[in-house]
Amino acid sequence: MSESTTQTNSVAAALVSEDDVIRVQDLRLNFYTNLGVVRALNGVNFNIPRGKVLGVVGESGCGKSQTGLAIMQLTPSVGRYEAGQILFREFASKEPVDILKLDKNGPDMRKIRGNNISMIFQEPMTSLNPCYTVGAQIEEAILLHQTQDKTESRKRAIDILQKVGMPNPERIADSFPHQLSGGMRQRAMIAMALSCTPTLLIADEPTTALDVTTEAQILDLMRDLQNEIGTSIMFITHNLGVVAQMCDEVVVMYLGRVVERAMIDDLFYDPKHPYTIMLLRSIPRLGVNRDMRLESIKGSVPDPYSQVNGCPFHERCPSAIPGVCDTIMPDEIFVAGSQTHTVRCHLYT
Amino acid sequence: MATVAEELQRSRKTKKVEDVGSIPQWKLMVRRFRQSRLSVVALGVLLVMYTLMILGDFLAPYPHDTLDSNATFTPPTQLVWGPEGLGVYGLKQELDTEKFQWYYTTDTSVIYPLKFFVPGYEYRLFAIIPMNVHLFGIDTPGDVDQKVFLWGADKEGRDLFSRVMKGAQVSLTLGFVGVLLSVTIGSIVGTASGYFGGAVDNIIQRMIELIRSFPDLPLYMALAAALPLNVPVLVRFFLITIIIALIGWTGLAREVRGKVLAFASADYTNAALAAGASHWYIITKHLIPNAMSHIIVVGMLAIPGAIGLETALSFLGLGILPPAVSWGVLLRDAQTIQAVVSYPWLLLPVACLIIAVLSFNLLGDGVRDAVDPYG
Amino acid sequence: MASDNTKMLLEVKGLKKHFPITGGFFKRVIGHVKAVDGINFYIKEGETLGLVGESGCGKSTTGRTIMRLLEPTDGEVIFNDPNLGKVNLASLERQQLNKVRPNMQIIFQDPFSSLNPRLTVGDTVGEPLSVQGVASGSALRDRVAELLREVGLRPENMTRYPHAFSGGQRQRIGIARALALNPKLIICDEPVSALDVSIQAQVLNLLEDLQQKFGLTYLFIAHDLSVVEHISDRVAVMYVGYIVEMATTDELYYNPKHPYTEALLAAIPRPDPRRRHRPVKLPGDVPSPANPPSGCYFHPRCRYAEDICKNERPPLRDIGDEHWVACHFAESLSLQGVPRVSDIPIIDVPKRRDTAEVEAPEI
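Residues numbered from 1 in each chain as written. Chains lettered and ligands numbered in written order. Predicted model: local features only at pLDDT ≥ 70, side-chain atom pairs only at ≥ 80, totals over all residues. Heavy atoms only, no water.

## Focus: the overall build of chain C
Alright, step 1. Helix and strand counts for chain C come out as 10 helices and 12 strands.
Alright, step 2. In terms of overall dimensions, chain C has a C-alpha envelope of 65 × 65 × 50 Å along the principal axes.
Alright, step 3. Each of the 363 residues in chain C was classed as buried or not, and the buried ones make up 60%.
Alright, step 4. Taking as baseline every contact in chain C between residues at least 6 positions apart, the subset at least 24 positions apart corresponds to 64%.
Alright, step 5. Charge separation in chain C, taken as the distance between the mean sites of 43 positive and 45 negative side-chain charges, equals 5 Å. (Helix = DSSP H or I, 4+ residues; strand = E, 2+ residues; numbered from the N terminus. Buried < 20%, exposed > 50% of the residue type's maximum accessible area, 1.4 Å probe, protein only. Contact = heavy atoms within 4.5 Å. Lys, Arg positive; Asp, Glu negative; His and termini not counted. Charge placed at Lys NZ, Arg CZ, Asp CG, Glu CD.)

As C-alpha cells, this is what we get:
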C-alpha cells in the first residue's frame, strides 16, 4: 500500500500547477458506525486550478459529496481522517494552509468558511433560514466578513440579487425563503454564496432538485458569474450532461477514489477508464442512441461496509484481467502522451 | 418448477454467514435495542419489579392491613447474625412523655432467629393457588409479640414492606392496564381517522380537540369524585383504569393517525390498491404492522404518566381508597414534614415509584430509538 | 380520436382531477388546484407513450387518476379490457374495477416507499396474486420465483426483506409485482428517476425486454427528456395540467410545434462539451395550477405570444400525421428541435485480454 501511495503522490505532484486554489492529497476518511467501518475516501488526490470549474462525477456513495464537505470541514462527527491534507491557497502569493490542521470551529476556519470558500447544496431550503428574509441572510454574511455599514451591506445584497438574475431584487430581498420558487431559492443561495466573492465555490448537486428549464438557467447563470467574478468552482454532480456544459476539467470518482482525471474534451471524446466509458455509454443521448440498446454496468456499487480487493471496479468491469485486477490496486498514471490526463487502471500500465 | 424448493434448500445449506437480508425488521429492532445499555438495564429492573409484584404476597411477611398499636412508627428492623443464623434483636416500646412520642430500644440480649418459608396468613399465589407459606418471618416464643419490619412500620404499626408489595400490585398494574386500554381505543380510532379521512376524520379530530381542551386535573377529579364509594376495591380499580384510558387515548389516536396517514399514502399501499385489495386487507397487512412499533413506543412512554396519575389521584384521596393500598395511598402517609424528619422510612414508596417511572421512561426511549433510529 | 389500424388500448378524454383547497375552521372549499385540467390522449397496444413535463405539471396525477388511485373529477378513461371489452374506468364501480385492475398495473418512482419493509420480497411480489385469488401455496411460490427470474433476481431472494436490496434491485422487485397478473398496460411513474446512471440503464433495458417478451404497453411518465426519447414511440408534453403537444418521438424532438416543447428541448444539458449552448430564455416561473393564467397557460412566458393567446385557450388538435399541438400558431411558427448528430464517437470498452465473460446473474 505504501508503495502505491508514493507512486500516486508523485503523479499528483507532477499534475499540480503552481497556482491551485485547492490541492487535495491522499485524503482518507473513514466513518465508524454501529454497523461497521465505512471507508468513504481511500486516498483522493486532485487539485482545483485557480479560476477553473472542476467537475467531480460519480454515482451515489462514491465519496464526491464527502470530498466537498471535507474541504469545508463539515464532515459528520462519526468521520475520522486517517491521512491526507487539503491545501488551500487564497492568493497565488500566499502560502497554502492545510485546512485539516485548522480547528473545526476555530476563528481561522470560520473565516475561510463563508468568506473564502462557500458551498451551495442540492436543497436550498436546508441552508436558508425560514425565519429571516433572503435579504437579511445575505446581509448577515456581508456584515460578518466584509463591511460594518448597514446601508452599504443592504446595497451590496440587492446588487448581488440583481446579478443572479432576480427580476425584482428589492422585493426578493424582503421575501422569506418559502415565498420563492425552487429556482428562485437556488438563485438566492448562489447570491448568498457569492456575496463575499469567495475564492472557491463548492456546488454540491446544485441543480439536481430543479426542473430542466430552471436547471439550464441556473447553469447559465453560474457560467456567467464565474466568468465575471473569476471564482473557482468545484462542481459535484452525477449528471454527465451538466458536466459537459459546465466544467473545464473533470475528476471521475468510484468508491472513494479518483479513477480518471482529464480535461473536459478528453473525458468525453477520449475516455480511458472502463468505468468512465461505460458511464458514457449508459446514458441515453438525444438524437444519438435512440435505437441502440443502452450499455449497462452489471451489478451495483458494492455495499459501503465491504472491502474490495484489487481495483474497486473489477467486479463490474468487462475488461478486467483475471489475476491482476482482482488482486492489485492499480496506480494513478498518466495516459501516454498527455500531461493532464490520468487514469487508475491496469489496462494502461 | 419443482426446482424452486430445491433452490431454496440449496441456498440455505450453502449459507454460512448470516444473511442480514432475511432477518425480519422486528428482529433488527431487537438488535438495535440491545445496543442501548441503559434501556436494557431498565428492562431488567422492570422485570424484577414485576416479578416481585406478582410474588408480593409470598414475599410480604404480614397482611398489609394488620393494625398493631404496639408497633407504631417502628423504624426498619436491623438484621443481625446470631447463633442460629440471621435474626433480629428484641425491641421494647417506650413512651417519651415529654415529646409524647413512642420510641424503641433494642434488647441485644435476645436474638429471635429469622426463618424462611414460614406459615403465615392465607393468600392465593398468582390469584389462583391457595397458600400460606411466606418467604420469611421470625420465630418468637408464644408470649412475645415481636415482628420483623424490614422497611419499618407506619402510624398504625402496619409493616411498610408488606404494604409496598401490596401497593405495587395496584400501582404497577393499573398504569399498565390503563395504557393498554387507551392504546387499543387510540389505535382503532386513529387508524379509522387516518385511513378513511374526510368527514370521519373531521369528526374524530374535533372530538379529540374537545376532550383535550378540558383542564386535566379538575376533569380527573370530577370523574373520580363521581365514582361510587361503596364498591369493592377491584371494581374501583377498574373504574379508575377506565378513567385513565378515556382521556389518555386522545394523544395516542393523534399519533397513530399521523403514522397511518403516512403509510396510507405510501406507494406500497397504492400498489395493493392497484391490485384490487380491500380496505380490510390494506389496514391489516400494510397499515397496522407498520404502525405497530410506533404504537408500542407511544404506549410505553405513556405508562409512567399513567402510574403517576394513579398515584396522584390516590394521593388526593380520589383514587384507591384506604384500607385498600396503592403507592399513592402510601404517599399520603408521608406527606407531613414530621414524617420526613422523624420517620424517613415512610418515603421508601417514593423511591419505588421513582425507580419504576424512570425505568419505564428509559425503556421507552430505548425502544423508540430502536424502532426509528432517525426519528 | 386517432384513425389507425392498430388497436387502441387506452383513450383518455377530457380527464380532470381537481384537488379542493380548504380553509377556515369548517374546512370550506375556497378554491381548486387544477392538477389535471381536461387532457386528451390515447395509447395504442404495444407502444410506449412518454408523458413528460416539469414537476407539478400533473403528469403523476394523470397516471394515478387513470389507475383510479385518485378519483377523477371529470372525463372518461376508456380501457380496452381483453375480457370485458371497452370500459370507462372513470365511472366503474369498485367491484367491476377490481376485475379490470389485473390488466393495468403501476410501477412507482421511489424504490423505498414502494415496498412494505415488513413484508418479504416473496410476499410483496405475490401480493397481487393472493389478493386476486389467482394462486396460493406452492403455485404462488413458483410463480413468484418465475417473476423474480424474469426481472433478473435470484428466486432465493424471496425470503429476504427489502432492506437487503439496493435501489435498482428494489425497482426490479416493484416491476416483478407489476408483472404478476400479466397486465396489458403498465403505468411507469418515473421508474428510473431515483436511480444512479448505471442502474438507470439496467432498468430501462429490462423494461424494453419485458415489453418485447410480453407485448406490454407502457405509459412512461418522466421528467428526463433524454430517457423519454430513448424509450418512447410517441411522446406527450404536459404543462400546468394540460397536454400541449403529442407526436411520434422523432417528430416531437426534431420538429416541435409548441414553443414550450422548444424551450424544454433547448434546456436539456447535452453530454457533449463541444456543443455548449445557451438555453431559451423562459421568463418567470411555472404558474400555480391553483391560479393559472387566462387563455393559453403558457402565454406569459412565450416569446411568440399574441393577443389571441391571452384570451383563448388553444385546443389540442391534429395538424397531420398524428402530430397534436395546442397552439394557435402551430402551423406558422418555425421552431428549433434537437439537432441530429451523428459524429459523437461511441467509444468501445477496451479489451486487452480475451475475457470471454459470461454474463453473471444479477444479484
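## Description of the overall build of chain A
Alright, step 1. Across its full length, chain A holds 12 helices and 12 strands.
Alright, step 2. For 349 residues, the compact-globule estimate of 2.2 N^0.38 gives 20 Å, and the C-alpha radius of gyration of chain A, at 21 Å, lies within 12% of that figure.
Alright, step 3. The dimensions of chain A, computed from C-alpha atoms along their principal axes, are 70 × 50 × 45 Å.
Alright, step 4. Across the 349 residues that make up chain A, the buried fraction comes to 60%.
Alright, step 5. Of all intrachain contacts in chain A linking residues separated by at least 6 positions in sequence, the fraction that spans at least 24 positions is 65%.
Alright, step 6. Of the roughly 13700 Å² that chain A leaves accessible, carbon and sulfur atoms contribute 50%. (Rg over C-alpha atoms; globule rule 2.2 N^0.38 Å. Areas by Shrake-Rupley, 256 points an atom, 1.4 Å probe, with all protein chains shown as cover.)

## Things to note about the nonpolar core
Alright, step 1. With 111 residues, the main nonpolar core has B:Trp327, C:Phe41 and C:Ile66 as its most contacted residues.
Alright, step 2. In terms of residues, this core owes the most to one element, helix α10 (residues 279–315) of chain B, which gives 14 residues. (Core = buried A, V, L, I, M, F, W, Y, C linked by side-chain atoms within 4.5 Å.)

## Quick notes on the sheet that holds strand β4 (residues 79–88) of chain A
Note on sheets: strands pair through backbone hydrogen bonds, and any given pair is parallel or antiparallel.
Residues and elements named next belong to chain A.
Alright, step 1. Strand order in this open sheet of 4 strands is β2-β1-β4-β5, and the pairing throughout is antiparallel. Unpaired on one side and paired on the other, β2 (36–49) and β5 (97–98) mark the two borders of the sheet.
Alright, step 2. Bridge analysis of β4 against β5 gives 2 bridges, and the strand direction is antiparallel. Directly across from phenylalanine 88, in β5, lies its bridge partner valine 97. (Pairing = 2+ DSSP bridges.)

## Structural notes on the sheet that holds strand β2 (residues 28–44) of chain C
All names here are of chain C.
Alright, step 1. Strand order in the open sheet made by the 4 strands is β2-β1-β4-β5, with antiparallel pairing throughout. The open sheet is flanked by β2 and β5 (85–88), the only strands paired with a single partner. Across the sheet, the mean angle separating the axes of adjacent strands is 20° when strand polarity is ignored.
Alright, step 2. Where strand β1 (residues 8–23) lies against β2, 13 bridges are found, and the strand directions are antiparallel. The partner of leucine 10 across the bridge, within β2, is isoleucine 43.
Alright, step 3. Most of the contacts of helix α1 (residues 59–66) go to β1, to which it runs at about 110°, and overall it touches β1, β2 and β4 (74–81). (Axes fitted to C-alpha atoms, helices over the stretch in contact; angles between N-to-C directions.)

## A closer look at the pairing of strand β3 (residues 101–125) of chain B
All names here are of chain B.
Alright, step 1. Here 10 bridges tie strand β2 (residues 85–96) to β3, and the two strands are oriented antiparallel to one another. Of the residues in β3, the one forming a bridge with glutamine 93 is tyrosine 104.
Alright, step 2. Hairpin connection, β2 to β3: the antiparallel pair is bridged by 4 residues, and phenylalanine 100 has positive phi, about 55°.
Alright, step 3. The pairing of β3 with strand β4 (residues 129–138) spans 8 bridges and is antiparallel. Considered in β4, the bridge of valine 118 is made with histidine 134.

## Concerning empty space enclosed by the protein
Residues and elements named next belong to chain C.
Alright, step 1. Scanning all chains against the criterion turns up 12 cavities of 30 Å³ or more.
Alright, step 2. Of the pockets and cavities examined, the second largest cavity occupies roughly 90 Å³.
Alright, step 3. Lining the second largest cavity we find 15 residues, and of these Pro259, Cys296, Cys302, Cys309 and Cys327 sit closest to its centre.
Alright, step 4. Here the residues of the lining of the second largest cavity are counted per class, giving 12 nonpolar, 3 polar and no charged. (1 Å grid on protein atoms, 1.4 Å probe; cavity = no way out; pocket = protein on both sides within 12 Å on 5 of 7 lines; lining within 4 Å. Points joined across faces, edges and corners; volume = space filled by probe spheres on them. Nonpolar A, V, L, I, M, F, W, Y, C, P; charged D, E, K, R; others polar.)

## Considerations on helix α13 (residues 348–371) of chain B
Alright, step 1. Between its terminal C-alpha atoms α13(B) stretches 35 Å, which fits the 34 Å expected from 24 residues at 1.5 Å a residue.
Alright, step 2. Considered for burial, the residues of α13(B) that qualify are B:Pro349, B:Cys352, B:Leu353, B:Ala356, B:Ser359, B:Phe360, B:Leu363, B:Gly364, B:Gly366, B:Val367, B:Ala370 and B:Val371. (Expected span 1.5 Å × (residues − 1).)

## Quick look at the environment of A:Ile283
Alright, step 1. With respect to the secondary-structure elements, A:Ile283 resides in the loop between α12 (274–282) and β11 (333–334).
Alright, step 2. Here A:Ile283 falls in the buried class, since its relative accessible area comes to 11%.

## Considerations on unusual backbone geometry
Residue and element names in this part refer to chain A.
Alright, step 1. A positive phi is found at aspartate 26, a non-glycine position, where the angle reads about 50°.
Alright, step 2. Checked against the element boundaries, aspartate 26 lands in strand β1 (residues 20–33).
Alright, step 3. What makes aspartate 26 buried here is its relative accessible area of 13%.
Alright, step 4. The residue leucine 255 is not glycine, and still its phi comes out positive at about 50°.
Alright, step 5. Tracing the backbone through its elements, the reader meets leucine 255 in the loop between β9 (249–254) and β10 (257–263).

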